[in-house]
Amino acid sequence: MPDIIAMRTVPTHGGQLRQIAEQFVVPIHELLDFSASIYPDGPPAGVMEALNEAIHSPAILRDYPDLDLPELRMALGGYAAVPPVNILVANGVAPLIDATLSAIRSRSCLLPVPAFGEYRRILTKCAVEIHPYRLLPELDFRQDCEQLIGECQRHQCDTLLLTNPQNPSGITMSAQNMKDIVQRAAENKIRVLLDEAFIDFVPERSLSHDVLTLQNLTVFRSLTKFFSMAGLRVAYLIAPEHVVRVISCNLAHWPVSSVAAMAAKRATEDSKYITATILRNRQEREWLRAELLNLEMALFPGSANYLLFRLPEHLRSKSVWEHLIVDHRIVVRNCASFEGLDSSYMRVNVRNRADNELLIQALSSSLSHPD
Ligand SMILES: Cc1ncc(COP(=O)(O)O)c(C=O)c1O
């Protein structure tokens, strides 16, 4: 029997519920989304308050945002432990990476894969030669410093694009190991672009603060995942001051609305939300990990807010992904679109306990009735 998935369009991003609802002819409001890695219980209350204030103040909507967003950068600086002059804000990680590649005139980049699909699109758009470097599932997608540097040298890459925690694997390097890579890269005149979009779940592993001493490092962070603000579009980069100045010349003016800036400021000032979210995510992730292991999934040791697993051997050619949608209205991330993976790999967001139980029940029934 042919693999049904092969005949379907598999989304290239998580959270594409409208397309999935149309494709499988199911009501969109019935779908429970585990495919986008967004913390389910945000945004923080202060974000909703800021939005409320904004709609009652015509001036906020009428006037242009401040060109430099000093208040937001001050709040982000407090949150990430760096001075505001080292911060640049925009409407997503992709535009920030795009502006950085142009600013540093990158010509050739080593890209460990599997990785966030947008990287390829941005690198291609910026005419940067891409050298994919395959990370292996049998080694838990771990990255070795000397191998990465050796590959950069072999291909004469001037840029190394890393993600910590990795997406989709969730594998997270210690800050020290990451720092070693950045330092070895500096010795070889290689710039490191480090995407920390999920680092807020494991903040002790961030290199944000190290940007002050590591001149070849630019860190990218986002409010999308941890603060559940995907719809507002706020991200920022942290880089040495002179690099921030050059990159900002490659960004359009006013990339973030006043409303989004107000909401983002409140979010990063909410220390209660921050502490509770780290703890809650860790507890739920560990519960989900144990349940997935009970179902004999080949699980990778992720430490962000999602888990990557591979279906048991006898089910690898089956369309479990489709069954979950059609029979259970549950959408998980089919990993066929990730370089180096296929549809036997699935990534699931860590949601709250009630939702996670539904996922486990659905998976368990799909496994016992795979056809
Ligand atoms: C590794 C990684 N970086 C960045 C992003 C996007 O962040 P933003 O919403 O701030 O553009 C994603 C979204 O899935 C991601 O997986």
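Residues numbered from 1 in each chain as written. Predicted model: local features only at pLDDT ≥ 70, side-chain atom pairs only at ≥ 80, totals over all residues. Heavy atoms only, no water.

A. Summary view of the side chain of H131. Structurally, the position occupied by H131 is in strand β4 (residues 129–134). Separated by 3.3 Å, the side chains of H131 and H155 make a polar contact. Excluding residues within four positions of it along the chain, H131 makes contact with S108, C109, L110, L111, H155 and C157. (Helix = DSSP H or I, 4+ residues; strand = E, 2+ residues; numbered from the N terminus. Polar contact = N/O pair within 3.5 Å; in protein donor to acceptor, adjacent residues only side chain to side chain. Contact = heavy atoms within 4.5 Å.)

B. Fine view of the sheet that holds strand β12 (residues 333–334). Read across the sheet, 4 strands follow the order β9-β10-β13-β12 without closing on themselves; strand pairing throughout is antiparallel. Edge strands, defined here as strands with exactly one partner in the open sheet, are β9 (298–299) and β12. Relative to strand β13 (residues 345–349), strand β10 (residues 306–310) is paired through 5 bridges, and the arrangement is antiparallel. Bridge pairing in β13 places F309 opposite M346. (Pairing = 2+ DSSP bridges.)

C. How the structure looks around the packing of aromatic side chains. One pass over the full model with this rule turns up 12 aromatic pairs. Taking the centre distance of 5.7 Å and the plane angle of 75 degrees together, the rings of F24 and W321 count as edge-to-face. Taken as a pair, F24 in helix α2 (residues 17–24) and W321 in helix α13 (residues 320–328) lie far apart in primary sequence, 297 residues in all. We classify F24 as buried; its relative accessible area is 8%. Where F116 meets Y119, the ring centres are 5.5 Å apart and the plane angle is 90 degrees; that geometry is what we call edge-to-face. Given the relative accessible area of 1%, Y119 is considered buried. If you follow R347 out to its NZ or CZ, it ends over the ring of Y306, 5.7 Å from the centre. A cation sits over an aromatic face here: R351 above F34, 5.7 Å from the ring centre. (Phe/Tyr/Trp six-rings, centres within 6.5 Å; stacked < 30°, edge-to-face > 60°. Buried < 20%, exposed > 50% of the residue type's maximum accessible area, 1.4 Å probe, protein only. Lys NZ or Arg CZ within 6 Å of the ring centre and 35° of its normal.)

D. Structural view of the domain arrangement of the protein. In terms of domains, the protein is made up of domain 1 (4–42 + 273–368) and domain 2 (45–270). Computed from C-alpha atoms alone, the centre-to-centre distance between domain 1 and domain 2 is 26 Å. At the junction of the two partners, domain 1 supplies 24 residues and domain 2 supplies 36 residues. For the pair domain 1 and domain 2, the summed buried surface comes to about 2500 Å²; carbon and sulfur atoms form 64% of the total. At the surface where domain 1 touches domain 2, the tally comes to 1 salt bridge. The salt bridge involving R120 is made with E339; its shortest N-O contact spans 2.9 Å. Linking domain 1 with domain 2 are 12 residue pairs in polar contact (both at pLDDT 80 or more), by the criterion used here. For the side of domain 1 that touches domain 2, the secondary structure elements donating two or more residues are α12 (271–294), β10 and β13. A total of 5 residues in the side of domain 1 that touches domain 2 trace back to one element, the largest contributor, which is α12. Broken down by class, the residue content of the side of domain 1 that touches domain 2 amounts to 13 nonpolar, 9 polar and 2 charged. (Domains from an automatic or database assignment. Buried area = accessible area lost by both parts, 1.4 Å probe. Salt bridge = Lys/Arg side-chain N within 4 Å of Asp/Glu carboxyl O. Nonpolar A, V, L, I, M, F, W, Y, C, P; charged D, E, K, R; others polar.)

E. Main features of the site of the ligand. Lining the immediate surroundings of the ligand are 14 residues, of which N167, D195, S222, T224 and K225 lie closest. Here S222 contributes a side-chain N or O atom positioned 2.6 Å from an oxygen atom of the ligand. Separating an oxygen atom of the ligand from a side-chain N or O atom of T224 is a distance of 2.6 Å. Notes on the ligand: free accessible area 400 Å², of which the protein chains cover 89%. (Near = heavy atom within 4 Å. Areas by Shrake-Rupley, 256 points an atom, 1.4 Å probe, with all protein chains shown as cover.)

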